[in-house]
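Each chain, written out:
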Amino acid sequence: ILGYSSFLKRRVIPAIKKIKQIKYSICSKSSKINLKEKVLFNDYDKALAKTNSTIVYITLINSLHFKYAKKALEKGFNVIVDKPITTSLNETKQLLTIAKKKKLLLAEATVYDYHKVFEKMIKLCGGINNILHVQANFNLLYKKKVKEIAKIKADCAQDMGPYAASIIRLFLNNNIEDIIVFKNYFKDKRVVKDFYITAKSNNCTFFGNFSSNSAAYMNQIIFFTKKKIISSPNKIFSLPTNKNLSIFVLESDKINKIKVGRDDCIKNFFNKVLYVFNRKNFNYFYNNILIDAKIRKEIG
């Protein structure tokens, strides 16, 4: 693992510890060597040179994703990268070209949709083809300074774009007819403050409201069918593992609360990675990466 973020400590490490097939070590520039915590390296390049791992998971700042993903692939490692896998379509295509040529795994860790809540929501819709409209809201307040956001390439478009892109891929059946994006910027025109996105396919529409400058926190996905409105739990893009969750269904002017229970989307994602890795057929991840990168190009 290249990087040792708070999210890695809080969510990823506990998830992969549940999977017996995974043994891991960590490279952290900001932490001392700690065998107990499995921090074995302090230099990313030295870690890639000395590790005997088969998969490298890159959880660094956005601006370093492409650099180290490319290095790892060229050295023959299978690679997982936090979202966004890169900050441009061209860079993503470069990584895919190397991965395909060397027959290596390349996966983007956009993990929220691996939670069982989506299977339940789609079932309540009567199947994905019954979804007429998808609404997504993700509003929060970034605490980093604008100059820092620009430096690490982590504005609203880069950080939240993968959510918007994956929703379109997952629920519009990949039959996309049109995408329109409106963006607001901070004074630094390199940094997107919020964006609004609409998309449509031959049987479904999508509207997304994504903001990094909102005092009101909102994080949900809503499905509309002819007869029902199905709302996800709050924090749908970062669902907790230790709480029983519920879906809300509006039908015939009555709201029903449907229990879902607990799940761990990060654990499920890594289990999917192992499943694909063991079968050496990486097209599932290749295809998802390219589709999402093309949509993110529209977001900018």
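Starting afresh in each chain, residues are numbered from 1 along the sequence in its written order. Since the coordinates come from a predicted model, pLDDT governs what is reported: local features require at least 70, and pairs of side-chain atoms require 80 or more to be given and counted, while whole-chain, interface and lining totals use all residues. Only hydrogens and water are removed before side-chain values are computed, so all heavy atoms of the structure are retained for them.

Q: Is there a simple way to explain the side chain of K83 in this structure?
A: Each helix is a run of DSSP H or I of at least 4 residues and each strand a run of E of at least 2, with the numbering of both proceeding from the N terminus. Along the chain, K83 falls in the loop between β4 (78-82) and α4 (89-102). At 4.5 Å, D159 is the nearest oppositely charged side chain to K83, a buried residue that forms no salt bridge. Polar contact is the term for a pair of N or O atoms within 3.5 Å; when the atoms are in protein, one must be able to donate a hydrogen and the other to accept it, and sequence-neighboring residues count only if both atoms are side-chain atoms. Among the polar contacts made by the side chain of K83, one reaches the main-chain carbonyl oxygen of D159 at a distance of 2.8 Å. What makes two residues a contact is simply this: any of their non-hydrogen atoms within 4.5 Å. Each residue touching K83, except ones within four places of it in the same chain, is listed here: N62, H65, E108, A109, T110, D159, P162 and Y163. Three exposure classes are used, based on accessible area relative to the maximum for each residue type with a 1.4 Å probe and protein chains only: buried under 20%, partly exposed in between, and exposed over 50%. Positive: Lys, Arg. Negative: Asp, Glu. His and the chain ends are not part of the count. A side-chain nitrogen of Lys or Arg and a carboxyl oxygen of Asp or Glu constitute a salt bridge if their distance falls within 4 Å.

Q: Help me understand the pairing of strand β12 (residues 245-251), please; the structure alone is not making it clear to me.
A: Two faces make up the sheet, and in a regular strand the side chains alternate between them. In terms of strand pairing, strand β11 (residues 228-231) meets β12 through four bridges, oriented antiparallel. Looking at the pairing, S231 lines up with F248 of β12. Here a strand pair is declared whenever DSSP counts at least two bridges between the two strands. Here β12 pairs with strand β13 (residues 254-261) via seven bridges, running antiparallel. Following the sheet pairing, L245 is matched in β13 by G261.

Q: What is the right way to look at the nonpolar core in this model?
A: Soluble globular proteins tend to bury their nonpolar side chains together. With 54 residues, the main nonpolar core has L2, I58, I80, L105, L106, F269 and F270 as its most contacted residues. In terms of residue count, helix α8 (residues 265-279) provides more of this core than any other element does, eight residues in total. Sequence-distant contacts of L2, defined by excluding residues within four places in its chain, comprise C27, Y44, A47, L48, V56, Y57, I58, T59, L60 and Y68. Counting 46 residues, the second largest nonpolar core, distinct from the first, contains Y112, V134, A150 and V249. Put simply, a nonpolar core is a bunch of buried Ala, Val, Leu, Ile, Met, Phe, Trp, Tyr and Cys residues held in one set by side-chain atoms that sit within 4.5 Å of each other.

Q: Honestly, the sheet that holds strand β6 (residues 133-141) in this entry has me stumped. Any pointers?
A: If you walk across this open sheet you meet the eight strands as β7-β8-β9-β6-β10-β11-β12-β13, and the pairing is mixed. This sheet does not close on itself; its edge strands, each paired only once, are β7 (178-185) and β13. Mean inter-strand twist for the sheet, computed between neighbouring axes without regard to direction, equals 20°. Pairing analysis gives eight bridges linking β7 to strand β8 (residues 192-200), with the strands arranged antiparallel. Residue pairing in the sheet places I180 in a bridge with T198 of β8. Interaxial angle, 0 to 180 degrees, is taken between N-to-C directions of lines fitted to C-alpha atoms, where a helix line uses only the stretch in contact. Along the sheet, helix α7 (residues 156-171) contacts β6, β7, β8, β9 (205-211) and β10 (213-224); its crossing angle with β8, the most-contacted strand, is approximately 10°. On the sheet, helix α9 (residues 283-299) packs against β7 and β8 and is oriented at approximately 50° with respect to β7.

Q: What exactly am I supposed to notice about the packing of α4 against α9 here?
A: When two helices pack together, their arrangement is captured by the angle between the axes and the distance separating the axes. Here α4 crosses α9 at 165°, and the two axes come no closer than 9 Å. One way to sum up the angle between α4 and α9 is to call them roughly antiparallel. Classified by chirality, the crossing of α9 by α4 is left-handed. For the pair α4 and α9, contact is made by L89, T92, K93, L96, A99 and K100 and by Y286, I289, L290, A293, K294 and K297, respectively. Lys, Arg, Asp and Glu make up the charged group, whereas Ala, Val, Leu, Ile, Met, Phe, Trp, Tyr, Cys and Pro make up the nonpolar group; the residues left over, Gly among them, are polar. When grouped by side-chain class, the residues that make up the contact of α4 with α9 number seven nonpolar, one polar and four charged. Angle categories are assigned with fixed cut-offs, so that under 35 degrees is roughly parallel, over 145 is roughly antiparallel, 65 to 115 is roughly perpendicular, and the rest are oblique. Crossing handedness is read from the near helix: turned anticlockwise from the far helix by less than a right angle, it gives a left-handed crossing, and turned clockwise, a right-handed one.

Q: I would appreciate a short explanation of the sheet that holds β4 in the present structure.
A: To summarise the sheet geometry, strands pair through backbone hydrogen bonds and adopt either a parallel or an antiparallel arrangement. Here we have three strands laid out as an open sheet, ordered β3-β4-β5, and parallel in their pairing. With one partner strand each, in any of the chains shown, β3 (55-58) and β5 (106-109) form the two edges of the open sheet. Neighbouring strand axes in the sheet, compared pairwise and without regard to direction, differ in orientation by 15° on average. Sheet topology places β3 next to β4; four bridges connect them, and they run parallel. Bridging from a neighbouring strand, V56 pairs with V79 of β4. Packing of α8 onto the sheet brings it into contact with β3, β4 and β5, and relative to β4 it is tilted by some 155°.

Q: Explain unusual backbone geometry to me, please; I cannot follow it from the model alone.
A: What you tend to see is this: most non-glycine residues have negative phi, and most peptide bonds are trans. Residue P84 is bonded to the preceding K83 through a cis peptide linkage, with omega at -5°. Here P84 shows up in the loop between β4 and α4. One non-glycine residue, D253, adopts positive backbone phi at about 60°. Counting through the fold element by element, D253 comes out in the loop between β12 and β13. A relative accessible area of 81% places D253 in the exposed class. You will see that K280, though not glycine, has its phi angle at about 55°, which is positive. Summarising the element assignment, K280 is placed in the loop between α8 and α9. When its relative accessible area of 53% is taken as the criterion, K280 is described as exposed.

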